Each structure stands twice: as C-alpha cells, then as structure tokens.
Amino acid sequence: MKLKDISINNLRRRKGKVFFLILGLTIGITTVISLISISRLMNEDIANKLDEYGANILVLPRSDDLSLSYGGMSIGGVSLDARTLNDSDIPKIREIEVRENINIVSPKFVGVVEIEGKKIPLMGVQFQEEGRLKKWWKIHGALPKNRDEALLGNEVAVRLFKSTNDHLTINGRKVRISGILEETGSQDDFLIYADLSFVQEALNKPKAVSLIEVSAYCNTCPIEEIVDQISKKLPHAKVTAIKQTLQTKMEALDHFKKFSIGISVIVLLIGALIVFTNMMASVNERKREIGIFRAIGFRKSHIMRIIFLEALIVGLIAGVTGYLLGLGISHFIGPMALGMKSVRWVIDPSLAIGAIFLSTLIGVLSSVYPALHASKMDPTEALRAL
Amino acid sequence: MSLIEIKNLFKTYESGEEKVCALVDVGVRIGRGEFISVMGPSGSGKSTLLTILGGLNHPTAGEVVVDDISIYQLPLERLADFRREYLGFIFQSFQLIPYLTVIENVMLPLSITERSNREQARMAGEILERTGLKGKERRLPDQLSGGEQERVAIARALVNAPPILLADEPTGNLDTRTGKEIMELFKSLNAEGQTIIMVTHNPENAVFSSRTISLRDGRVDGN
C-alpha cells in the first residue's frame, strides 16, 4: 500500500461529497472551454467571411476626382483619366516587407466600349488572379484562357442576347464568349471581362491599369501595416483597406472575448471556493483519522501528500469531464449563436491539456490551506479518547 | 541500561486562567522486555504520560530518553520518524480507518516506507496470522466484532516490529472474555521479548504485567 491508495480509498468512501466536489470544478472548466471554443468558432467564422469577401485592399491612382467608383456606369469617364497606374506597379506589391501576407494581386483596367449600339463597361483582368479572388463566381461555361476569349456578366449577356460560345466584336476585334456569370447581384453583372493586355490594346492604352485589388492575410499582421507598406512602394497610388462590417464584427468578437474572460474568472473562483470548503470540511471530518496517521509515524509532509493527491485526482477528473462537456456544449450552442449550419468536431490537444492542467492547478491550489491545516492538527487533540 | 528513561517530567495544561498539573516530577525507568501496567483513577495523568511516552505531547519540563535518544529534542518530522520506528500504538476504541480493509489498516505504518507492496502484504499477512485474523484480510472494520477489531489494532501496532508497544485501555471496549483473550495475547507477545506499556484502570489486567506503575494526582504513587 502506498499513500495514493489511502487517497483513492478515501475518495471512494465519500462518493457523494466527492461527486459534488468534482461537479463544482467541472462546471468551471466546462464554462471556460465552452467560451474559448465558441470564440474560436466565431473567429473562424469571421476568417471564412473575410476569405469570401475577396479583396481587402484597394490600390487606386491618386486622383482628385471623387467620382471614381468601382461599379456601375460611373467608372468609365474617370478610368480614362490621364494618371493611371501602370503594369510595372503590379510586381512591386509583392516586394513589400510582409510579402508573405499577400495572397492575391489582381490588376484591372476598365473602359467603356460600344457593342451593337450599347455602351458597356469592359474590364481587363488577369483571369487566374481574378478567379481566385472571386471564389463565389459561378460560371456557365469556363473562365477565359486565351486573349480572344471573354466572360460576360449576367445582365450584359441578357441585353446582348448572347450565350456561351457566341462571338462578340470589341473595337473591331472578334472574341469568343467562354462563359457567362451567374447573377451575382453586384456590379459584376454589368461588365464584360476580358484579358488585361487585350483590353489595354483594344482601348489603346498599353500598360495602363485602373486599379489593383489585393487580398492579404490579416491574421498575423494588421491590415494597416500592409496598406502602409504598399503605399510606400507605390507613392503615386492611393491604397485603402476595405474594413467596414468585418471591423465591427472583429470588435464584437473582442468584446465577447473580454466578457468570456470575466465570466471564466468568476466561475473558476467559485470552483476554487467549492474545492476549498469541501477540502476544509473533509479535513475537519478526518481529524481523528489524521491523528492516527500522525501517531503511527506519518510526517506532516505525508499528510499533505495525501490531501494533495486527492486534490490532484479530483482536478484530473474534473479537467477531463469539463473539457469534454465544454466541447459538447460549444458544439451545440456555438452554431445556434452564430447561425452556422454545422461545425466540425475539433479536438485540440493543447486546449485539452490546458483544461486538465488548469483544473488540477485550481484543485491543488485551493487545497494548500486545507492540507497545511491538516498537517498542523494536534494528534493528541484528534485522539481525545486517549 | 534501561530502554526508556523518564526524568523529572512535568506537564501543565492551561485552560483559560486555570492551570492543571497533569504530571508532577515523574521519573521512571523501563527496561527492555518489561510489561508495565500504568494504573490510577481517571484524572491521575496516566493518559498524559502515555501520550508523552508516545512522542505526541511535548512535556512542560523534563526529558524522555528512549534508546539514548532524547525524543523531545528531535525536530518535529524526526519525531514522527521516531514514532514509526520505535512505537506501536494501540488506541482506546481501536481507531481503525473505516474505508481501509483489515490488511490495508495493518499495512498503514508500512505505506510510508520504501517496502514493496508484496513485502508489505507478506509482513501484514504474518502478523494477522499471529493475531488470529487469517482469512479476514479483505473485510472492512465494521464487518468485524469488537475483539477482532482490537486484534487488527494490535496487528497494526506490531507490523513493523517496534521495540515498544503502547496500549491505552486495550480491553476498555471489550467483554470480559474477549478482554482476557487479548491480555493472553499481550502476555505471549511479552514472553517473546516485546516491551509493553499499558494504561488500564482494570486491576484484572494488571496481573498479566510484570510491573505496575501507579499514578495519583500526577505523581508516581509507588512501583
């Protein structure tokens, strides 16, 4: 028999009280794990939305004209302004210090062409980059692969009565329609997309670029910093971050995180208090028993080890159950709160180990005083019957 | 040379304003292999003497020397080690640990030694056989009769072969017949060389011992 057997046997004897002891600590750990998991889900949700959002940085020519806008018809006149960006600006974006954060660089050149008597905006893009940027695009047909192919916005196709594989003549150049976009509800519906160099040529503006859309990863580096660095590389351009709703979402998440920390601390304090009072009661109940141990020749340190072992076992059990419960709760409550359809089960080993460690730490720390108290008990007083 | 030497022992309890002198200038020598009865009416200080002998109760003045060790000059943790190495305690009303089985109760003093579980079980098994409890190793204390519980307590006190056995009213909670059996067991242990110091107020028990120390009002009445 070893000291641990004494601890285990004692816990077994007091099943009812031990159950509540473990429950108290479990509730604390469950709360912490649920809140951490939910805020992680929220973070992931926002990250996904960021991805879907496409570009988060816009590079425009520095222009005094306020009416420049990316969309609708108003863009035409402005994009023909003399001070445009240039082909040579494109690679510079990938030369910034935090270049590993740059995901997609999609340059565009916009102009207006007349086709079959209708004025239609024409956008030159690099289809490889544009396709990656606009993951939500659904195309009847395919993305253009050659210079003599074009992609039509839904509205344009309707107006021109064109479908996939039909042909168009743009400023005297014949192109095949490789695909038609499904309705997006955005300005994309009103555009003809063609290869960047082809459009530059067709509009007689070689190397001209109207704007560059950039998609950057902002998890490791604030978007302001990326914007700043691009601005330095392209002093003649105006670089802006697209934040808007995501910014407020991030702020909401931040508030939720602070709230979570507050709740966690309170619940854990209550858990610690439960362990403390329960351990104190247990020690006082066992006064006589501790007296026997001391009389038999147990050192104070032996008594403390028995108490700490019990706290350790309780902490371990509460840590494991608390982690599993927290995982389950976040799995069912998270989607409800966030409006997500389903969430993957993610077993994060570091979170699991953290939960068990935290639980054990609280169990043991809240037992320091009870253990000291137990070890200091006077054995003669405990064995008053002597 | 004596195994135990008590010199000029005083013990005063203070409760509020009142001072109670439990032991006054007690001096006793006990040799190896003696079987001592400590007798006296209640309040005579015999229990106090036993707890002081047991290394559980610091005297107000005086010295307790066991095997050339002045035990109350030891640091507290060393005093605990002394109890483990030198003393076997048999408490009044058995004082078994209710959630441990018979054999686990007996192994208790061994659980803080380096001995392996197998070695502990062997030692506990031997002493349980000696005290007549073979076959009851896996029972819990509340499944035993009073006499059996007393035997478990004796087995626990003897399992690590301590030089001194201290017993406090070992027959106090037993019927006359069982009490006599326990006394017979004590006598045979003593015959094998076990030093025993027993506190009792029952003169029938005292006849089994080799010497009686009588206490009255905290003083040795005669021995």
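Scroll up to find the structure.
How each quantity is defined
- Residues numbered from 1 in each chain as written.
- Chains lettered and ligands numbered in written order.
- Predicted model: local features only at pLDDT ≥ 70, side-chain atom pairs only at ≥ 80, totals over all residues.
- Heavy atoms only, no water.
- Helix = DSSP H or I, 4+ residues; strand = E, 2+ residues; numbered from the N terminus.
- Rg over C-alpha atoms; globule rule 2.2 N^0.38 Å.
- Buried < 20%, exposed > 50% of the residue type's maximum accessible area, 1.4 Å probe, protein only.
- Contact = heavy atoms within 4.5 Å.
- Areas by Shrake-Rupley, 256 points an atom, 1.4 Å probe, with all protein chains shown as cover.
- Axes fitted to C-alpha atoms, helices over the stretch in contact; angles between N-to-C directions.
- Parallel < 35°, antiparallel > 145°, perpendicular 65-115°, else oblique.
- Left-handed = near helix turned anticlockwise from the far one by under 90°.
- Nonpolar A, V, L, I, M, F, W, Y, C, P; charged D, E, K, R; others polar.
- Phe/Tyr/Trp six-rings, centres within 6.5 Å; stacked < 30°, edge-to-face > 60°.
- Arc of directions from axis to C-beta.
- Patch = residues over 30% accessible without salt bridge, like charges linked within 9 Å, V, L, I, M, F, W, Y side chains within 5 Å.
- Salt bridge = Lys/Arg side-chain N within 4 Å of Asp/Glu carboxyl O.
- Buried area = accessible area lost by both parts, 1.4 Å probe.
- Polar contact = N/O pair within 3.5 Å; in protein donor to acceptor, adjacent residues only side chain to side chain.
- Core = buried A, V, L, I, M, F, W, Y, C linked by side-chain atoms within 4.5 Å.
- Pairing = 2+ DSSP bridges.

Caption draft 1: Structural view of the overall build of chain B. A tally of helices and strands in chain B yields seven helices and 10 strands. Relative to the globule expectation of 17 Å for 223 residues, the C-alpha radius of gyration of chain B, 17 Å, shows essentially globular dimensions. With respect to the principal axes defined by its C-alpha atoms, chain B has extents near 50 × 40 × 40 Å. A total of 223 residues make up chain B; the buried ones form 58% of that total.

Caption draft 2: Region of interest: the overall build of chain A. Broken down by element type, chain A carries 14 helices and 12 strands. Across the 386 residues that make up chain A, the buried fraction comes to 50%. Partitioning the intrachain contacts of chain A with sequence separation of at least 6 by distance along the chain shows that 80% fall at a separation of at least 24. Summing over all exposed atoms, chain A offers an accessible surface of approximately 18,700 Å²; the carbon and sulfur share of this is 60%.

Caption draft 3: Expanded view of the packing of helix α5 (residues 146-158) of chain B against helix α6 (residues 176-191) of chain B. Residue and element names in this part refer to chain B. Contact pair α5 / α6: the axes reach a minimum separation of 10 Å and the direction vectors enclose 20 degrees. Relative to α6, the element α5 lies roughly parallel. Note that α5 runs across α6; the crossing there is right-handed. Across the interface between the two elements, Gly-147, Glu-150, Arg-151, Ile-154 and Leu-158 from α5 touch Thr-178, Glu-181, Ile-182, Leu-185, Phe-186 and Leu-189 from α6.

Caption draft 4: Quick look at the packing of helix α10 (residues 287-296) of chain A against helix α2 (residues 76-86) of chain B. Where α10 of chain A contacts α2 of chain B, the axes come no closer than 7 Å and their chain directions differ by 80 degrees. By the angle class used here, α10 of chain A and α2 of chain B are roughly perpendicular. Note on element contacts: α2 of chain B touches α10 of chain A through Glu-77, Ala-80, Arg-83 and Arg-84 of chain B, opposite Arg-294, Ala-295 and Ile-296 of chain A. For the contact of α10 of chain A with α2 of chain B, the class distribution of residues is three nonpolar, no polar and four charged.

Caption draft 5: Spatial organisation of the packing of aromatic side chains. Residue and element names in this part refer to chain B. Inspection of the entire model under this criterion finds eight aromatic pairs over all chains. Here Phe-89 and Phe-91 contribute two aromatic rings whose centre-to-centre distance is 5.3 Å and whose plane-to-plane angle is 5 degrees, an arrangement assigned as stacked. For the residue pair Phe-89 and Phe-91, the accessibility class agrees, reading buried in each case.

Caption draft 6: Up close: helix α1 (residues 46-53) of chain B. All names here are of chain B. Among the eight residues of α1, seven are classified as buried, and the element is accordingly described as predominantly covered. Among the residues making up α1, those that are buried are Lys-46, Thr-48, Leu-49, Leu-50, Thr-51, Ile-52 and Leu-53. Positioned one or two residues after α1, Gly-55 has a phi angle of 70 degrees, which is positive.

Caption draft 7: Inspection of helix α8 (residues 223-233) of chain A at higher detail. Residue and element names in this part refer to chain A. Listing the buried residues of α8 in full gives Ile-223, Ile-226, Val-227, Gln-229 and Ile-230. End-on view of α8: buried residues confined to an arc of 165 degrees, all on one side of the axis. Of the surrounding elements, those touching the buried residues of α8 are β1 (57-61), α4 (89-93), β3 (102-115), β11 (211-216) and β12 (237-241).

Caption draft 8: Highlighting a nonpolar patch on the surface. All names here are of chain A. On the surface, a nonpolar cluster with roughly 440 Å² of combined accessible area is contributed by Phe-357, Leu-361, Leu-365, Val-368 and Leu-372. When contributions to the nonpolar patch are tallied by element, the ones reaching two or more residues are α12 (349-365) and α13 (368-375). The dominant element in the nonpolar patch, judged by the number of residues it contributes, is α12, at three residues. Following the sequence through the fold, Leu-372 ends up in helix α13. Relative accessible area serves as the criterion here: at 32%, Leu-372 is assigned to the partly exposed category.

Caption draft 9: Seen up close, the pattern of salt bridges. Per the counting criterion, the structure on display carries 30 salt bridges over all chains. The residue Glu-289 of chain A makes a salt bridge to Arg-286 of chain A at a minimum N-O spacing of 3.1 Å. Both residues of the pair, Glu-289 of chain A and Arg-286 of chain A, belong to the buried class. Among the ionic pairs, Arg-78 of chain B bridges to Asp-81 of chain B, the shortest N-O distance being 3.1 Å.

Caption draft 10: Quick look at the interface of chain B and chain A. Chain B puts 34 residues into the contact, and the matching count from chain A is 27 residues. For the pair chain B and chain A, the summed buried area comes to about 2,800 Å², and 61% of that belongs to carbon and sulfur atoms. Between the two partners, chain B and chain A, sit one salt bridge. Its salt-bridge partner being Asp-81 of chain B, residue Arg-299 of chain A comes within 2.4 Å of it at the nearest N-O pair. One can count nine residue pairs in polar contact (both at pLDDT 80 or more) joining chain B with chain A. Here the side of chain B that touches chain A takes seven residues from α2 of chain B, the largest share from any one element. Split by residue class, the side of chain B that touches chain A holds 13 nonpolar, 11 polar and 10 charged.

Caption draft 11: Representation of the nonpolar core within the structure. Among the nonpolar cores identified, the biggest contains 107 residues, and Phe-298 of chain A together with Phe-186 and Ile-197 of chain B are the most heavily contacted of them. If you tally residues by element for this core, the top one is helix α11 (residues 300-338) of chain A, at nine residues. Look past the residues within four positions of Phe-298 of chain A in its chain and what remains in contact with it is Leu-3, Ile-6, Phe-293, Ile-303 and Ile-306 of chain A together with Ala-80, Arg-83, Leu-108, Ser-111 and Ile-112 of chain B. Val-113, Val-156, Ile-180 and Val-199 of chain A belong to the second-largest nonpolar core, a separate cluster that totals 22 residues.

Caption draft 12: Here's a closer look at the sheet that holds strand β2 (residues 18-30) of chain B. Residue and element names in this part refer to chain B. Here we have four strands laid out as an open sheet, ordered β2-β1-β4-β5, and antiparallel in their pairing. Strands with a single pairing partner mark the edges of an open sheet, and in this sheet they are β2 and β5 (69-70). This element, α1, spans β1 (4-15), β2 and β4 (61-66) of the sheet and lies at about 120 degrees to β1.

Caption draft 13: Highlighting the pairing of β11 of chain A. All names here are of chain A. Of all six residues making up β11, six are buried, and the element is well covered by its neighbours. Burial along β11 is two-sided: the face carrying Leu-211, Glu-213 and Ser-215 and the face carrying Ile-212, Val-214 and Ala-216 are both buried. Sheet topology note: the β1/β11 ladder contains three bridges and is antiparallel. Note on β11: the bridge partner recorded for Ile-57 is Val-214. Both β3 and β11 contribute to a ladder of six bridges, which runs antiparallel. Looking at the pairing, Ser-106 lines up with Glu-213 of β11.

That is the geometry; function is a separate question.
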